[in-house]
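# Chain and residue survey
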Amino acid sequence: MSLLLCIETSCDDTSAAVVDTGGAGGLDGAGGPESAGGPHGAGAALIRSSIVSSQHESHAAFGGVVPEVASRRHTELLVGTVAAALADAGVAWDDLEGVAVTTGPGLIGALLVGLAAAKAIAYARRLPLTAVDHLQAHLAASYALGVTAPFVCLTASGGHTLLAVVERGVEFRVAGRTLDDAAGEAFDKGARLLGLPYPGGRELDLLAARGEPSFVAFPRSLPQGLDFSFSGLKTALLYYLREHQTEAATEALRASVAASYQEAIVDQLVGKTVRCAEQEGLRRVAVGGGVAANSRLRRRLTAACRERGLEVFIPPVALCTDNAAMVGLAARHLEPIAWPQYLGLDAYAAEPALRALRVRR
Amino acid sequence: MLTATLTSPEATGAFARLLAARLAAPALVTLRGELGTGKTTLVRDLLRTLGVEGVVASPSFTLAQSYDGHGGLRLHHVDLYRLGPGADAALFAWEDYLDGASLTFVEWPEAGAAELPPADIDVVLRHRTPLSRDLELRAAPAIEKTLADAMIAAGIDDVAATA
């Protein structure tokens, strides 16, 4: 047993978790401790607690996320969130053997709150600190379900749309990414055009559930290869709504327009993910990020993978949206940093992991 | 004010190249217009012309994205969409993006109106048809004049410069 305190503050949720990394090893990259029982119980049992303190109410008044408001709220919420994670896990400070924290990409001020807290805790408790990339954390969420590398992982959220080939542990290669808007942005902006309240992704999912997905044939013209594009789709929705104002005003038809729009996004996500697996000759497919909470995506991806005999790993919604437990699942595959080296760690807003890697066509 | 019709993504690209040639740091360029009018697409074309390689994704989620262009030029792409109406834009870290040495492009500047200095170039895009957009541009008269001449020479539609 090796217990890690994990902290994640990359955007507007303050999260802390206690994750059991199953001993000092766990760096083999094969996807977790094989000795810990069946494939579906192994990873889940490692998460001892996971607390997410949402800031949605603080930001609702602003109609969106304000970075400096997020930073202030993280400062206010973090101590209580960490205490709750320890209490929930039944763990004392003395039981911890390390700290793990998200260092980027994300809102820089928000990340710095979590990083400063993690450094302080590591220093005070004489513990090593593991720096975790937010995208690697999303990829690692599927390890809770017992997936083994190599596998294809679609990470889709408000800020990211990434098709990754996870080769070993949390080492990945970019197979595709969005050329314009992120998938979550397409959901949120589409919801706004449909007159749904913020945050719109969930509202759109609920409205679409009552509609007919083939009602409007939104354009499916896509970039070549495995990259994504959602900007043109958003414009197509806008023009559809302008041209059919009376029609779209009735609830049933609005639901069908929402369902058709959602279907166009989901078609693209599912189609490219499955194609990536086939091109790479991989049999396992996973998903992460806030968009992975979308019920239609979960259903369609499951069906598409089953049809082709691919194994699919879709974490529970709480592990898809931002959380600290996935930070611990990623940390199992990363080298902890000792004192005083970790004091030099800095947060980063952009995506070095993506910029460093050539996008494959 | 300069007005024109951008009838295709290619026309938008041609306009971006002509505009980029007239930008020098430090400068603030604001871009206004409803969702889907092509603000991000125009900024992407501008950044490409100024030497940015690789993907230029929408900064709606991160609020800002910075790049290096030709000759060490610092470029900032800011998008205040998420601040929404009534947000306190004083909370945004403007000093990082209006640093007196960079070219700064700001989408949805309305959300930061109280904090932003006057724009050197203000671009408004409006929907005309699914593919074409009405363009309005406000800049120093000399820039409007030479840009209008170049746009006419490039075959862009309905170009007019009015005092």
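What you see is a predicted model, and the numbers here were worked out from it, not measured in a lab.

Reading the values: the criteria
Residues numbered from 1 in each chain as written. Chains lettered and ligands numbered in written order. Predicted model: local features only at pLDDT ≥ 70, side-chain atom pairs only at ≥ 80, totals over all residues. Heavy atoms only, no water. Helix = DSSP H or I, 4+ residues; strand = E, 2+ residues; numbered from the N terminus. Rg over C-alpha atoms; globule rule 2.2 N^0.38 Å. Areas by Shrake-Rupley, 256 points an atom, 1.4 Å probe, with all protein chains shown as cover. Pairing = 2+ DSSP bridges. Axes fitted to C-alpha atoms, helices over the stretch in contact; angles between N-to-C directions. Contact = heavy atoms within 4.5 Å. Domains from an automatic or database assignment. Salt bridge = Lys/Arg side-chain N within 4 Å of Asp/Glu carboxyl O. Polar contact = N/O pair within 3.5 Å; in protein donor to acceptor, adjacent residues only side chain to side chain. Nonpolar A, V, L, I, M, F, W, Y, C, P; charged D, E, K, R; others polar. Buried < 20%, exposed > 50% of the residue type's maximum accessible area, 1.4 Å probe, protein only. Core = buried A, V, L, I, M, F, W, Y, C linked by side-chain atoms within 4.5 Å.

### Section: the overall build of chain B
Each helix and strand counted, chain B has three helices and eight strands in total. Tracing chain B from N to C terminus, the helices and strands come up as β-α-β-α-β-β-β-β-β-α-β. A compact globule built from 163 residues would reach a C-alpha radius of gyration of about 15 Å, and chain B, at 15 Å, matches this within 12%. C-alpha extents for chain B along the principal axes are approximately 40 × 35 × 35 Å. For chain B, the accessible surface area stands at approximately 6700 Å², while carbon and sulfur atoms represent 55% of it.

### Observations regarding the sheet that holds strand β5 (residues 103-107) of chain B
All names here are of chain B. If you trace the eight strands from one edge of the open sheet to the other, you get β3-β4-β5-β2-β6-β7-β1-β8, paired in mixed fashion. Of all strands in the sheet, those bounded by a partner on one side alone are β3 (64-68) and β8 (157-161). Sheet twist, expressed as the mean angle between neighbouring strand axes with direction ignored, is 15°. Bridging between strand β4 (residues 74-79) and β5 involves five bridges; their strand directions are parallel. Paired with V78 across the two strands is V106, which belongs to β5.

### Overview of the sheet that holds strand β3 (residues 47-54) of chain A
What links the strands of a sheet is backbone hydrogen bonding, and the strands pair in either a parallel or an antiparallel sense. Residue and element names in this part refer to chain A. In space, the five strands of this open sheet follow the order β3-β2-β1-β4-β5, with mixed pairing throughout. In this open sheet, the two strands that pair with only one neighbour each are β3 and β5 (129-133). The average undirected angle you get between the axes of adjacent strands in this sheet is 20°. Along the sheet, helix α4 (residues 108-125) contacts β1 (3-8), β4 (96-104) and β5; its crossing angle with β4, the most-contacted strand, is approximately 160°.

### Some points on the domain arrangement of chain A
Residues and elements named next belong to chain A. You can read the domains of chain A as domain 1 (3-144 + 320-354) and domain 2 (148-318). Of the residues lining the interface, 27 residues belong to domain 1; the matching set on domain 2 comes to 29 residues. Inspection of the region where domain 1 meets domain 2 yields zero salt bridges. The interface formed by domain 1 and domain 2 includes eight residue pairs in polar contact (both at pLDDT 80 or more). If you list the elements that add at least two residues to the side of domain 1 that touches domain 2, you get α5 (134-140) and α14 (352-356). The element that contributes the greatest number of residues to the side of domain 1 that touches domain 2 is α5, accounting for six residues. Within the side of domain 1 that touches domain 2, the residues separate by chemical class into 14 nonpolar, 11 polar and two charged.

### What to know about unusual backbone geometry
Following G104 of chain A, the chain continues into P105 of chain A via a peptide bond in cis, with omega recorded as -5°. Along the polypeptide, P105 of chain A turns up in the loop between β4 and α4. That bond from W339 of chain A to P340 of chain A is cis: its omega, 0°, falls within 30 degrees of zero. With respect to the helices and strands, the residue P340 of chain A is situated in the loop between α13 (325-331) and α14. For R126 of chain A, which is not glycine, the phi dihedral falls at a positive 55°. Inspection of the secondary structure puts R126 of chain A in the loop between α4 and β5. R126 of chain A sits in the exposed class, given a relative accessible area of 66%. In this model, D158 of chain B sits at a positive phi of 55°, which is unusual for a non-glycine residue.

### A short note on the nonpolar core
Residue and element names in this part refer to chain A. Of all hydrophobic cores here, the largest spans 49 residues; its most connected members are L194, L204, F218, V257, Y261, I265 and L269. Secondary structure elements with two or more residues in this core: β6 (151-156), β7 (161-168), α6 (183-193), α7 (200-208), α8 (231-243), α10 (251-280), β9 (284-288) and α11 (295-307). With 13 residues, the top contributor of residues to this core is α10. Dropping the residues within four chain positions of it, L194 is found in contact with L204, L237, L241, R254, V257 and A258.

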